[in-house]
Amino acid sequence: MIPRAPKGTDDILPPESERWRTALRTFDDLADRYGYQLALTPIFEHTELFARGVGEDTDVVEKQMYTFEDRGGRSLTLRPEATASVVRAHLDRGGDGILKVAYAGPMFRYEQPQAGRRRQFLQVGVEYIGEPSPEADVEVIEVGYRCLQACGIGDASVLLNSIGDPEDRVAYRDLLFRFLDQHRDDLSTEAARRIDTNPLRALDSKQDETVLEGAPVPIDHLGSAARAHHAAVEAGLRRQGIPFVADPRLVRGLDYYNRTVFEYQAASYQVAQAALGGGGRYDPLAAMLGGSDTPGVGLAMGVDRIVLAMPDVVDAPALDAFVVWTGDERLEAALVVASSLRAAGFSADLDLSGKSVRSQFRAADRRRATAAIVVGSEWDEGLVTVKRLASGEESTMTLEGTQAWLKNR
Ligand code: AMP
């Protein structure tokens, strides 16, 4: 028997993988246009990085980490997220100046799998490190929003909140504690357990929404600096034309955030796991990792969920040209034709196996090619026959001529 893929993991193969590629390319292109360079960090890190960076009392660290001992006796963990790694890497090389980076890669969390909630999932994200200005928050939120739009998720919007600075939270935490303590018996076991360890985390408990309706919320208890920052973020989002909705109980699962927190949702993607992405400002993180104070803000989006929310684009051509060849002796010519098209920037492919012309045309359809370029007997005079697969329109021309013809769709 062939071993199965582990629970909560997926094989992403064609044709579905085309949607993933679209999402990855869209994100990469946007990150590039907004000035984010590439960051590649390890897929496993010392467990301590996440215990310190993500927070001991978070679901991620408590229950979801893939932790193992390596052959040298070190405790390592498959990364559940990338922000702690990127900040660690920045601090490792001195932590000076501004770092604007984008990443894409698998993350690992031991969760109960369902659609959009996997044990290995693919995240894309950006980190803007070293910049305290609220305009950095606006830019980061914009990158994610524009990415969802460009992926065809036109009804995406931003849920926005501010959880203030750590010093604002001291007094607020007491207030919240008192409220939760009074309602202890009405809360779910999970939320009740949080009261004594991390009351803020009880606030976004979905199953306790009715009880929590009257709870004090962080945004009503911001210090003046956090309040001004939040007003500037809201003004910036309006200026950039990014729709947002205030969500006073949004706190997010990780401990390192301060001030701005946000998530992306889409009206067309309303399922149990609805957040397409999220992020926030994490000024305290560098110090939590033992570095000097370094502000930062970032976002992470789940490609698994973006792909589920993307509209169907099955009709979009996947290949510019499929090269069809006749007679054994023309394989080499077909290879030269494919290669010249590829060099000219077109996507081109062909079947090497020597199947009939009919079955090569069927393959061209399966691959959703725009055109077939036929290398037949006319090749002996230096010509090919080109055919648009949608309309059937056909003509014979030189190889050089095909490039202009292909461009002219
Ligand atoms: P988080 O780091 O938890 O804020 O996650 C950021 C984004 O990553 C979420 O909004 C999801 O889109 C995605 N994500 C987080 N956990 C999972 C998971 N287990 N499976 C699929 N996507 C996930």
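All of these numbers come straight from a predicted model, not from anything done at the bench.

In this section: the overall build of the protein. In terms of helices and strands, the protein carries 14 helices and 16 strands. Counting only C-alpha atoms, the protein reaches 85 × 55 × 45 Å along its principal axes. Evaluated residue by residue, the protein yields a buried proportion of 51% over its 409 residues. Restricting the contact set of the protein to residue pairs at least 6 apart, pairs at least 24 apart contribute 70%. Here the protein displays about 19700 Å² of accessible surface, and carbon together with sulfur accounts for 51% of that area. Positive and negative side-chain charges of the protein, numbering 47 and 62 respectively, have mean locations separated by a distance of 3 Å.

Once that is clear, we can look at the site of the ligand. Residues in contact with the ligand amount to 14 residues; listed here are only the nearest, Arg109, Glu111, Arg118, Gln123 and Arg252. Between the ligand and arginine 109, the relevant distance is 2.8 Å, taken from an oxygen atom to a side-chain nitrogen or oxygen of the residue. Within the backbone of alanine 275, one N or O atom sits 3.1 Å away from an oxygen atom of the ligand. Summarising the interface, the protein chains cover 92% of the accessible area of the ligand, which totals 480 Å² for the free molecule. Across the shell around the ligand, the residue classes break down as 4 nonpolar, 4 polar and 6 charged.

The next subject is the domain arrangement of the protein. Parsing the protein into structural domains produces domain 1 (17-165 + 223-309) and domain 2 (319-407). The straight-line distance from the C-alpha centre of domain 1 to that of domain 2 is 44 Å.

Quick look at the side chain of glutamate 378 now. Tracing the backbone through its elements, the reader meets glutamate 378 in the loop between strand E14 (369-375) and strand E15 (383-388). As a buried residue without a salt bridge, glutamate 378 has its nearest oppositely charged side chain in arginine 330, at a separation of 6.7 Å. In this structure the side chain of glutamate 378 is engaged in a polar contact, spanning 2.3 Å, whose partner is the side chain of threonine 385. The contacts of glutamate 378, once residues within four sequence positions are left out, are Leu383, Val384, Thr385 and Thr396.

Taking burial as the measure, the 9 residues of strand E9 (residues 258-266) include 8 buried ones, the bulk of the element. Where strand E7 (residues 156-162) meets E9, 7 bridges bridge the pair, whose relative direction is antiparallel. Within E9, the position partnered with serine 162 by the bridge is threonine 260. Bridge count between E9 and strand E10 (residues 277-281): 5 bridges; the pairing is antiparallel. Residue pairing in the sheet places tyrosine 264 in a bridge with glycine 277 of E10.

Further remarks concern helix H9 (residues 224-239). With 16 residues, H9 ought to run about 22 Å at 1.5 Å a step, and its terminal C-alpha atoms sit 22 Å apart, in line with that. Of the residues making up H9, those classed as buried are Ala226, His229, His230, Val233, Gly236 and Leu237. Along the axis of H9, the buried positions cluster into a sector of 125°, meaning they face one direction only. Seen from the buried face of H9, the exposed residues on the opposite side, beyond 90 degrees, are Ser224, Arg238 and Arg239. As for H9, its buried residues are in contact with helix H5 (134-150), E7, helix H6 (166-182), strand E8 (244-246), E9 and E10. Glycine 241 occupies a position one or two residues after H9 and carries a positive phi of about 70°.

The strands that make up a sheet pair up through hydrogen bonds in the backbone, lying either parallel or antiparallel. The antiparallel open sheet is built from 3 strands, whose spatial order is E2-E4-E3. Looking at strand neighbours, the two that pair on one side only are strand E2 (44-46) and strand E3 (66-69), the edges of this open sheet. Averaged over all adjacent pairs, the angle separating strand axes in this sheet is 35°, with direction ignored. Bridge analysis of E3 against strand E4 (residues 75-78) gives 4 bridges, and the strand direction is antiparallel. In the strand pairing of E4, glutamate 69 is matched with serine 75.

Rules of the game
Residues numbered from 1 in each chain as written. Predicted model: local features only at pLDDT ≥ 70, side-chain atom pairs only at ≥ 80, totals over all residues. Heavy atoms only, no water. Helix = DSSP H or I, 4+ residues; strand = E, 2+ residues; numbered from the N terminus. Buried < 20%, exposed > 50% of the residue type's maximum accessible area, 1.4 Å probe, protein only. Contact = heavy atoms within 4.5 Å. Areas by Shrake-Rupley, 256 points an atom, 1.4 Å probe, with all protein chains shown as cover. Lys, Arg positive; Asp, Glu negative; His and termini not counted. Charge placed at Lys NZ, Arg CZ, Asp CG, Glu CD. Near = heavy atom within 4 Å. Polar contact = N/O pair within 3.5 Å; in protein donor to acceptor, adjacent residues only side chain to side chain. Nonpolar A, V, L, I, M, F, W, Y, C, P; charged D, E, K, R; others polar. Domains from an automatic or database assignment. Salt bridge = Lys/Arg side-chain N within 4 Å of Asp/Glu carboxyl O. Pairing = 2+ DSSP bridges. Expected span 1.5 Å × (residues − 1). Arc of directions from axis to C-beta. Axes fitted to C-alpha atoms, helices over the stretch in contact; angles between N-to-C directions.

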